Amino acid sequence: MTHDHLDAAARPASRPFGRLLTAMVSPFTPDGSLDLDGAARLASHLVDEQGNDALVVNGTTGESPTTTEAEKEHLIRAVVEAVGDRAKVVAGVGTNDTRHTIELAAAAEKAGAHGLLVVTPYYNKPPQSGLLRHFTAVADATGLPVMLYDIPHRSGVPIDTETLVRLAEHGRIVAVKDAKGDLTATSWVTSRTSLAFYSGEDALTLPALAVGCVGVVGTSTHFTGALTAQMIEAYDAGDMPTSLALHRRLLPLFTGIFRTQGTILVKAGLASLGLPAGPVRPPLVDATDDEIAQLRADFAAAGLELPE
């Protein structure tokens, strides 16, 4: 095997959405209504200060189960207007109803999104043939690039390797947010397709890069974005000691942000930093004083400060 062949095999897939994406929370006002000015300010912070190449809006971290279709559309427009000239905006449109997902995809495209995040249909547990039909129908109905979201511990159904390989044949299905937690399965798909895999678990970003992933769609990256980008860049440059040191440094926040549901602690952390966040909507509940104290300790363990 020639060195040229080795280099080609080791080269990561293309990065259609860059290296670093954050699944952005949806800021609300104190009375619980959508804060579009706050969303624009938060998006600008995440791109300009935390180094995000793209933002995911209307994902679960953005409380998509409790925002209306009109709110989703307004949010996309506000974020595109704020950062769309320097970052991509990926809209979460996945539901467990193919027809509804296609409608949300059309609305997101009209609102100016640059790509779509489509989660596995949840709760109704379709077979793999149903997943293939669902994702294909959505991709057929849009002109935007699609990132599949494989998260079986929430959806109840994994996207099997053979299903992913078949979906990769679709010209608009270009990426996967991989929260399966199965790096062996990931390895098989990245070795057989050109799908751009993004780690959907902050703490698995570095090991995921080693099996062919190209970046992360993060939650703690509301706070760790700049350092996470450095970790990925160090890995790309072949500087394993630096990438590993950053991984170990950030581990307390990569994991600590999920001590309860991630949106809850992200909003608490943003509020402490004076950034737009606001309350969460039921059935989520705002962070307790004890949870915020623990989050502050997790920040400190990562060498970052969360003000009182």
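Cut-off values and rules
Each residue is numbered by its place in its chain's sequence as written, counting from 1. In view of the model being predicted, local features appear only for residues whose pLDDT reaches at least 70, and side-chain atom pairs are presented and counted only at 80 or more, with totals across whole chains, interfaces and linings using the full set of residues. Computation of side-chain values covers all heavy atoms of the structure but excludes hydrogens and water. The way it works is that DSSP assigns letters per residue, a run of H or I at least four long becomes a helix, a run of E at least two long becomes a strand, and they are numbered from the N terminus. A helix is expected to span 1.5 Å multiplied by its residue count minus one. Take the seven residues that end at a residue and the seven that start at it, fit an axis to each, and the angle between those axes is the bend at that residue. Burial here depends on accessible area, computed with a 1.4 Å probe over protein chains only, as a share of the maximum for the residue type. Under 20% is buried, over 50% is exposed, and the range in between is partly exposed. Only heavy atoms enter the contact rule, under which two residues are in contact if any of them lie within 4.5 Å. UniProt positions are given in the numbering used here, feature names are shortened, and annotations may be inferred rather than shown by experiment. Ring pairs are drawn from Phe, Tyr and Trp, using the six-membered ring of Trp, whenever the two centres fall within 6.5 Å, and their geometry is named by plane angle: stacked under 30 degrees, edge-to-face over 60, tilted for the rest. Charge over a ring is defined by NZ of Lys or CZ of Arg lying within 6 Å of the ring centre and within 35 degrees of the ring normal. Basic side-chain nitrogens of Lys or Arg form a salt bridge, by our definition, when they fall within 4 Å of a carboxyl oxygen of Asp or Glu. For every element, the axis is a line fit to its C-alpha atoms; helices are fit only across the contacting stretch, and the angle between N-to-C directions ranges from 0 to 180 degrees. Put simply, angles under 35 degrees are roughly parallel, angles over 145 are roughly antiparallel, angles from 65 to 115 are roughly perpendicular, and the rest are oblique. Just so you know the grouping, Ala, Val, Leu, Ile, Met, Phe, Trp, Tyr, Cys and Pro go in nonpolar, Asp, Glu, Lys and Arg go in charged, and all remaining residues, Gly too, go in polar.

### Regarding helix α11 (residues 240–256)
An α-helical turn contains 3.6 residues, so a residue and the one three or four places further along point in the same direction. If you check α11, its first and last C-alpha atoms are 24 Å apart, about what 17 residues at 1.5 Å a residue would give, namely 24 Å. When the local axis directions of α11 are compared, the greatest deviation, roughly 50°, occurs at L250, which is followed within four positions by the proline P252. Every buried residue of α11 is listed here: S243, L246, H247, L250, L253, F254 and G256. Buried residues belonging to α11 abut α9 (205–210), α10 (221–236), α12 (262–272) and α13 (289–301).

### Concerning the UniProt feature "active site" (unreviewed entry) in the protein chain
Look at the UniProt record and you will see "active site" (unreviewed entry) annotated at Y149 and K177. A maximum C-alpha distance of 4.7 Å among these annotated residues, which run over 29 residues, shows that they cluster at one spot. Of note, Y149 is situated in strand β5 (residues 146–150). Accessibility expressed as a relative area gives 11% for Y149, which makes it buried. Discounting chain neighbours no more than four positions away, the residues touching Y149 are L117, V118, V119, T120, I159, K177 and A179. Secondary-structure assignment places K177 in strand β6 (residues 173–178).

### A word on the packing of aromatic side chains
Following the criterion strictly, the structure yields two aromatic pairs and no others. On the numbers, 6.5 Å between centres and 55° between planes, the contact of F17 with Y198 is tilted. With F17 in the loop between α1 (3–10) and β1 (20–23) and Y198 in strand β7 (residues 196–199), the pair connects residues that are 181 residues apart, well separated along the chain. Of the two residues examined, F17 and Y198, each falls in the buried class. Sitting over the ring of F28, R281 keeps its end group 4.2 Å from the ring centre.

### Some thoughts on the UniProt feature "binding site: pyruvate" (unreviewed entry) in the protein chain
The sites that UniProt annotates as "binding site: pyruvate" (unreviewed entry) are T61 and V217. A compact arrangement is adopted by the annotated residues: their sequence extent is 157 residues, whereas the largest C-alpha distance between any two is 11.0 Å. Relative to the elements of secondary structure, T61 occurs in the loop between β2 (54–57) and α3 (69–83). According to the relative accessible area criterion, T61 is buried, its value standing at 13%. T61 has contacts with A23, M24, V25, S26, T219, H222 and T263, leaving out every residue within four places of it along the chain. Its location among the elements puts V217 in strand β8 (residues 215–218). Once you skip the residues sitting within four places of it in the chain, V217 turns out to touch L21, A23, V56, M147, K177, Y198, S199, G200 and D202.

### Focus: the pattern of salt bridges
Within this structure, the stated rule accounts for 11 salt bridges. Here D85 makes a salt bridge to R86, at a shortest N to O gap of 2.9 Å. The residue R296 makes a salt bridge to E308 at a minimum N-O spacing of 3.5 Å. Of this pair, R296 sits in helix α13 while E308 sits in the segment after α13; the two residues are 12 residues apart in sequence, bridging distant segments of the chain.

### Considering the side chain of R281
Position of R281 among the secondary structure elements: in the loop between α12 and α13. On the accessibility criterion, R281 (13% relative accessible area) is buried. With near-sequence residues (within four places) excluded, R281 lies in contact with F28, G32, S33, L34, E63, T66, T67 and E71.

### Some details on the packing of α12 against α13
Interaxial distance between α12 and α13 falls to 10 Å at its minimum, and their mutual angle equals 75°. One element, α12, and the other, α13, form an angle in the roughly perpendicular class. Two secondary-structure elements touch here, α12 through L265, A268, G269 and S272 and α13 through E291, I292, L295 and R296. In terms of residue class, the contact of α12 with α13 is made up of four nonpolar, two polar and two charged.

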